[in-house]
Amino acid sequence: MKLWLLFLLSLLITLSFTPTTHSQKCTSQTFTNNKLYKNCTDLPTLDSYLHYNYDADESTLSVVFIAPPAKPDGWIAWGINPNGTGMIGTQALIAYKKSDGKMTVKTYNLVSYRQIVQSKLSFDVSDMSAEYSDGVMRIFAKFELPENMTVINQVWQVGAVVNNEIPAKHAFDPVNLNAKAELKLDKSAGKNSTGAPNPSPSKDDSNDKDKKENGSSRIGDTGFGLIFVVLFSLFGVLVL
């Protein structure tokens, strides 16, 4: 009996000091075309994700944007705003199902909240395609960026309705209004690669890195208190 309690005591001590790591969902995502992207990030709103390769020599950015539409027959969008951080001015790609059920993706220069009109972008875009499966839509595209553009203001969105192949307005909930973020590009974002994608850095990742570098791990006050009580009780049993 005491040997079993000693084993349990050792196991609890080991678990108490095992560091925890932050992992992103995007690193486990794959695509039907088997194309590989070196970097990915879990975007902070709308249950969406971005995978990308940045070729600094060619000034190109290949992306896959993944998100569930607000409703099955809705739409998703991802774009770059070269002059601001909000929707107005965004050079966007919007994907939706056509009347025949097939997916399409089109370009939109978003100049107004009132109406979304298909138009040419200020960036050249190629290799555009879209997919839909398991309640999720995906946009594939390759952007030609201005030289030395190493930071982009990305904007993404989802909507519930498409009328006559025209995407209707999206909701104006906080998750929709906050669907924007800065994306920093560098040469390490590289061309097509093999293996799992690298998660883009975030505040949480930076904190995890600091913890590893300091050679320490932390556990919550509640968890530590519980472990302390269990260890104290086991110690009492062993002494008796």
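Quantities reported herein were computed from a predicted structural model and do not represent experimental measurements.

Student: What should I look at first to understand the overall build of the protein in this one?
Tutor: Along the backbone of the protein there are four helices and 13 strands. The proportion of buried residues among the 240 residues of the protein is 38%. Contacts in the protein between residues at least 24 apart in sequence constitute 60% of all its contacts with a sequence separation of at least 6. Entry remark: accessible area of the protein is about 14200 Å², with carbon and sulfur atoms responsible for 55%.

Student: Where do I start with the environment of Asn109 in this structure?
Tutor: With respect to the element layout, Asn109 can be found in strand β6 (residues 103–109). Taking the C-alpha atoms as reference points, Asn109 and Lys120, eleven residues apart in sequence, are found 6.7 Å from one another. Not counting the four nearest positions on each side in its chain, Asn109 is found in contact with Gly89, Thr90, Gln91, Val117, Ser119, Lys120 and Leu121.

Student: Explain a nonpolar patch on the surface here, please?
Tutor: Judged by side-chain polarity, Ile88, Tyr113, Phe172 and Leu177 come together as a nonpolar surface patch covering roughly 390 Å² of accessible area. The topology assignment puts Ile88 in the loop between β4 (75–80) and β5 (91–97). Looking at Ile88, the relative accessible area reads 38%, which means it is partly exposed.

Student: Even after reading the chapter, I still don't get the state of the cysteines, so can you show me in this structure?
Tutor: Such a bond, covalent and formed between the sulfur atoms of two cysteines, is termed a disulfide. For the coordinates displayed, the defined rule picks out one disulfide. Note that Cys26 is cross-linked by a disulfide to Cys40, the S-S spacing being 2.1 Å. Between Cys26 and Cys40, the S-S dihedral sits near 65 degrees, and the bridge is therefore right-handed. Residue Cys26 is located in the loop between α1 (2–16) and β1 (39–42), and its partner Cys40 is located in strand β1; the two are separated by 14 residues in the primary sequence. By relative accessible area, Cys40 is classed as buried at 0%.

Student: How should the layout of surface pockets be read in this particular structure?
Tutor: Gaps left between atoms show up when a probe the size of a water molecule is rolled over them. There is about 250 Å³ of room inside the second largest pocket. Considering the residues around the second largest pocket, the lining is formed by 22 residues, among which Met87, Val155, Trp156, Gln157 and His170 are closest to the centre. Those elements that place two or more of their residues in the lining of the second largest pocket are β4, β5, β9 (151–159) and α2 (174–177). Grouping the constituent residues of the lining of the second largest pocket by class yields 14 nonpolar, seven polar and one charged.

Student: Explanation requested: unusual backbone geometry in the structure shown.
Tutor: Most of the time, phi is negative for any residue but glycine, and the peptide bond is trans. The backbone phi angle of Leu46 is positive, close to 65 degrees, even though this residue is not glycine. One can find Leu46 in the loop between β1 and β2 (49–55). The phi dihedral of Asn148 falls on the positive side, at around 65 degrees, and the residue is not glycine. Mapped onto the fold, Asn148 is located in the loop between β8 (136–144) and β9.

Student: So what exactly am I meant to see when it comes to the side chain of Arg138 here?
Tutor: Of note, Arg138 is situated in strand β8. No salt bridge is formed by the buried Arg138, whose closest oppositely charged neighbour, Glu131, lies at an N-O distance of 4.0 Å. Here the side chain of Arg138 touches Ser133 through a polar contact of 2.9 Å, side chain to side chain. In contact with Arg138, not counting residues within four places along its chain, are Phe31, Val64, Phe65, Ile66, Ile76, Ser129, Ala130, Glu131, Tyr132 and Ser133.

Student: Which parts of the structure should I look at to understand the sheet that holds β5?
Tutor: Pairing between the strands of a sheet is mediated by backbone hydrogen bonds and can be parallel or antiparallel. One open sheet accounts for five strands, arranged β6-β5-β4-β9-β12; its pairing is antiparallel. Of all the strands in the sheet, just β6 and β12 (180–184) have a single pairing partner and so form its edges. Neighbour-to-neighbour, the strand axes of this sheet turn through a mean angle of 25 degrees, independent of strand direction. Taken together, the five bridges between β9 and β12 define a ladder with antiparallel strand orientation. Across the sheet, residue Val155 finds its bridge partner in β12, namely Lys180.

Student: Quick question: what am I supposed to make of the packing of aromatic side chains here?
Tutor: To describe a pair of aromatic rings, you give the distance between the ring centres and the angle between the ring planes. Tallied over the full model, the rule gives four aromatic pairs. Measuring from ring centre to ring centre gives 5.7 Å for Phe31 and Tyr37, while their planes differ by 85 degrees; the resulting arrangement is edge-to-face. Here Phe31 matches Tyr37 in class, with each residue buried. A centroid spacing of 5.6 Å and a plane angle of 70 degrees characterise the contact between Trp78 and Phe143, whose relative ring orientation is edge-to-face. Of the two residues, Trp78 is situated in strand β4 and Phe143 in strand β8; the sequence distance between them amounts to 65 residues. Residue Trp78 is classed as buried on the basis of its relative accessible area of 1%.

Calculation notes
Residues numbered from 1 in each chain as written. Predicted model: local features only at pLDDT ≥ 70, side-chain atom pairs only at ≥ 80, totals over all residues. Heavy atoms only, no water. Helix = DSSP H or I, 4+ residues; strand = E, 2+ residues; numbered from the N terminus. Buried < 20%, exposed > 50% of the residue type's maximum accessible area, 1.4 Å probe, protein only. Contact = heavy atoms within 4.5 Å. Areas by Shrake-Rupley, 256 points an atom, 1.4 Å probe, with all protein chains shown as cover. Patch = residues over 30% accessible without salt bridge, like charges linked within 9 Å, V, L, I, M, F, W, Y side chains within 5 Å. Salt bridge = Lys/Arg side-chain N within 4 Å of Asp/Glu carboxyl O. Disulfide = S-S within 2.5 Å. 1 Å grid on protein atoms, 1.4 Å probe; cavity = no way out; pocket = protein on both sides within 12 Å on 5 of 7 lines; lining within 4 Å. Points joined across faces, edges and corners; volume = space filled by probe spheres on them. Nonpolar A, V, L, I, M, F, W, Y, C, P; charged D, E, K, R; others polar. Lys, Arg positive; Asp, Glu negative; His and termini not counted. Polar contact = N/O pair within 3.5 Å; in protein donor to acceptor, adjacent residues only side chain to side chain. Pairing = 2+ DSSP bridges. Axes fitted to C-alpha atoms, helices over the stretch in contact; angles between N-to-C directions. Phe/Tyr/Trp six-rings, centres within 6.5 Å; stacked < 30°, edge-to-face > 60°.

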